[in-house]
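Secondary and tertiary structure notes
This is what each chain is made of:
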Amino acid sequence: MADGTRSLRGGSPASSPVLGGRGRAAVAAGGSSPPGHGFRRVTLTKPTFCHYCTDFIWGLAGYQCEVCNFMSHEKCLKNVKIPCSCIAPSLVRVPVAHCFGPPGHYKRKFCTVCRKSLESPAFRCEVCELHVHTDCILFACSDCRQCHQDGHQGHDTYHHHWREGNLSSGARCEVCKKTCGSSEVLSGMRCEWCGILAHAACYIIVTPECTFGRLRNMILPPSCVQLFSRNFSKLHCFRISENLQTEPDEDDDVDGSTQGSAKDVQISTDSSKQTLKIFDGNDAVKRNQFRLISVPRIAKNEEVVEAALRAYYINDDQQEYELQTFTQQALLSDDVINRNDAAEDSNLGSVFRESVPEAWIIRAKPKDEEVIRIYPAWLKVGMAYVSLRVNKDSTTQTVIKEVLPLLGRQMESLQNFKLVEVLMGSKQVQRMVLENQEPILNRLKDIRKTSIRQMNQTRFYIVENSKSIVRVNLFVGGLPPQLSPEEYTNILKDELAIKTNVVSVSHVYQAQGAVVLEISCFSEAERIYMLVKDTTVNDKPLNAVVIPEVTASKIPQNCCPLLVFVNPKSGGLKGRDLLYSFRKLLNPHQVFELTNGGPLPGFHTFSKVPSFRVLVCGGDGTVGWVLGALEEIRHKLVCSEPSVAILPLGTGNDLGRVLRWGAGYSGEDPYSILVSVDEADDVLMDRWTILLDAEEPAEGAENGVAEPEPPKIVQMNNYCGLGIDAELSLDFHHAREEEPGKFNSRFHNKGVYVKVGLQKISHTRNLHKDIKLQVDQHEVELPSIEGLIFINIPSWGSGADLWGSESDNRFEKPRIDDGLLEVVGVTGVVHMGQVQGGFRSGIRIAQGSYFRVTLLKPIPVQVDGEPWIQAPGQIIISAAGPKVHMLKKSKQKQKKTGSLREMRVDSMSVSEGGR
């Protein structure tokens, strides 16, 4: 590790000041060497743009970095502030691994490492805006957003987390108000917390402290979130489904570098050049992961070593490295590599007496002493690192002894500190405590022998020996409901063999059959998490979710975090893109995927938050699911009545229409949606309990001997239908179960509804003869109808007004919070079609707060779109507890503040994030 400045700032490479790189190539006369770049003059053969000013480079000459491909005008060289990829790892303030999703195709995006366009399948981080080629992923530095504390850090001030490039072409700089985005090159800077945009030349004068921007009151501050994440991948930490993860793991024995290296170096057909395989150490040889370089057939050894170092994004002096073959572990000479077929004069000093091998290993030459950087970790000492010279006699203990005086801690005992080796991989940050007597020089030699790339990504931290308390919270669902804590503990002992000395049940949710385990051992937490996936109890699979711990006392007083639930199966798979967008715009710890444990893990995470709101992304059924879970867990929440907003993703979306959230999501900017939620009005809505008490055996029971179904309770938000309305829903439900893959768009879903409706057009049912209705203890005579519908909101069947707008002295004007239900009848499919078209309304029958329906025969029933056949018996509908708080979209337009457009994160739009 090289000498350098002792002061760093910011949270990513781009957020740190220039460190004076050691670029090997000279720059234009009069200019200083840009940070880490090695520029050389190149002849341009196609239209090229400057990565600094984004302007077109006129003429045939430009300057290109030999390592990271940064292109520049000659006049811009002296102003370049963006560091080269080769020194980016050394500028990271706090190493945080990325969370890479599945590989995909991303249009108009550029690789952060090599700065080239993503024309082939590439990776993107699910938490920040990092895009990278498959073969560049190993060289991406661990500079992801820090979304939680891991038990060591204790700072509450956050700096901007700058990320370069991949801005929309219309993005404007917050400082100079000029366009800073480009669709041609990787340029411009964006803070991944507040969304502020700036030029590469302007961002360095922006105030370093980040206030989280327009969404500050909705974001869960990272300083109040604690998660002990060691042994868990980032996918586990952020509860991201693994079933879509198709990329090879960094530890898999796959030829990952081979495929991508062909992108940079084509196998040359030029007889004057040759292509060589370069391995960077024993680990690369073991995994057969290499990089390809193209060099002249007659090339000096220094030129080949320099090309090999560039391929691995290393900016060290090439004199410190050498090439070795598989068969020969040292060079025969050090002058010229020659691969011409003709015999050469021995005076040329050919490196190899015979033919040159195709594969080489680049090795670091042994050193008697060198300079390393020691980082003070979370010690508040006012400097980023200190440089220390070590030799063959230096051990971990002697290094600590020399470093403490430099940090102003010379009066403290050596026993209170330890030296930690940190490997800052792009997918995982690995930490290892070094033994007191371990020779440091030997340790450096071992790392370089394993991989010189890993050496470039390795740091040494001096850390206080404080007694850290490990506390991993694991949510386990799918257990039998209504059991005692002791019974749940016994089940977990039997099925998972939990160790009670390190595992305890901290919370029990009896009604839902779920528990929260508090585990004080990382290895035990990982074992339980992996074992739960393959465990079933009473033929029901268990599920496990790693959940963070929120410290409510650290949440700012005016902050009302938004708890986001997304159903990725709703809305033609638009939910998957919304998950990605909301994780970028907010703290990913406040975004929950409903297919991974349901709503309960989210409500438990926010159980101590004094004030929060909820956003549900899904259809009416999803909204009902979340509201039902909220009702069950309300008594365990500090904020017992959070307001709920809706982003409609389903087919009907009647509740979303009533609350002005629209008929369905059609690709609006997620940032604008969050602003609308922040400005929404709080309204109350009634919820209803339906008691289903069958008095006869269910249809299909053998010989009618079966016992009647036990009483069942369901919750209703929108409407409840009996007869033809429920029968159509049931047919649609059966069709979707037979071919679920076809039901991925609202247009197709509505087409199926029309088809099943036409099949019932000649159907006749005297529903009024098969049921009896009692409203508020009074019998009500039913007209001749085929369907009876109880409505709570003025929208039914995808926006139709079933009650109608005509005034009627017999009934009050319906409202969603009046404590009353409206009862409406329909005469058949034709009548329903006329209501859908707005030509008629339903037959008004009654209005009340307590209903008893007697079924004389099996009748189709549906509640909020969920249909079934109900056996003869009683159905009782009554108000369900307190009214629920909903958020209604405000009619007024968004306030046009001066910096709103600039602060938008345009690339968050799902229309630009397609794969």
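The structure contained in this document is the topic of the report that follows. Predicted model only: the values in this text are computed from it and were never measured. (Residues numbered from 1 in each chain as written. Predicted model: local features only at pLDDT ≥ 70, side-chain atom pairs only at ≥ 80, totals over all residues. Heavy atoms only, no water.)

1. Thoughts on the pattern of salt bridges
Taken as a whole and assessed by the stated rule, the structure comprises 29 salt bridges. Ionic contacts of the salt-bridge type, sharing partners, join the residues Arg40, Glu66, Glu306 and Arg310 into one network. (Salt bridge = Lys/Arg side-chain N within 4 Å of Asp/Glu carboxyl O.)

2. Things to note about the sheet that holds strand β33 (residues 688–694)
In space, the 6 strands of this open sheet follow the order β34-β33-β44-β41-β36-β37, with antiparallel pairing throughout. Where the open sheet ends on each side, the last strands, each with one partner, are β34 (712–716) and β37 (778–780). Shown here is a sheet whose adjacent strand axes are inclined to one another by a mean of 25 degrees, direction ignored. Where β33 meets β34, 5 bridges bridge the pair, whose relative direction is antiparallel. Note on β34: the bridge partner recorded for Leu691 is Ile713. (Pairing = 2+ DSSP bridges. Helix = DSSP H or I, 4+ residues; strand = E, 2+ residues; numbered from the N terminus. Axes fitted to C-alpha atoms, helices over the stretch in contact; angles between N-to-C directions.)

3. A look at the packing of aromatic side chains
All told, the structure shown has 18 aromatic pairs when counted by the stated rule. Both rings, one in Tyr158 and one in Phe212, keep their centres 6.1 Å apart while their planes meet at 45 degrees; by these two values the pair is tilted. Of this pair, Tyr158 sits in the loop between β5 (131–133) and β6 (162–164) while Phe212 sits in the loop between β8 (197–198) and β9 (225–226); the two residues are 54 residues apart in sequence, bridging distant segments of the chain. Exposure class is identical for Tyr158 and Phe212. Each is buried. An angle of 70 degrees between the planes, with centres 5.3 Å apart, marks the rings of Trp162 and Tyr203 as edge-to-face. Remark: Tyr203 occurs in the loop between β8 and β9 and Trp162 occurs in strand β6; sequence separation between them is 41 residues. (Phe/Tyr/Trp six-rings, centres within 6.5 Å; stacked < 30°, edge-to-face > 60°. Buried < 20%, exposed > 50% of the residue type's maximum accessible area, 1.4 Å probe, protein only.)

4. A look at helix α6 (residues 440–450)
Along α6, the residues classified as buried are Ile440, Leu441, Arg443, Leu444, Ile447 and Arg448. Across the axial projection of α6, the buried residues extend over an arc of 160 degrees, all falling on one side. (Arc of directions from axis to C-beta.)

5. Let's talk about the sheet that holds strand β11 (residues 291–296)
One open sheet accounts for 4 strands, arranged β11-β10-β15-β13; its pairing is mixed. Unpaired on one side and paired on the other, β11 and β13 (321–324) mark the two borders of the sheet. Neighbour-to-neighbour, the strand axes of the sheet open up by a mean angle of 40 degrees, direction not taken into account. As defined by bridge partners, β13 adjoins strand β15 (residues 359–364) across 4 bridges and the pair is classed as antiparallel. Following the sheet pairing, Tyr321 is matched in β15 by Ala364. Packing of helix α4 (residues 301–311) onto the sheet brings it into contact with β10 (273–279), β11, β13 and β15, and relative to β11 it is tilted by some 150 degrees. (Contact = heavy atoms within 4.5 Å.)

Keep in mind these numbers describe shape, not what the thing actually does.
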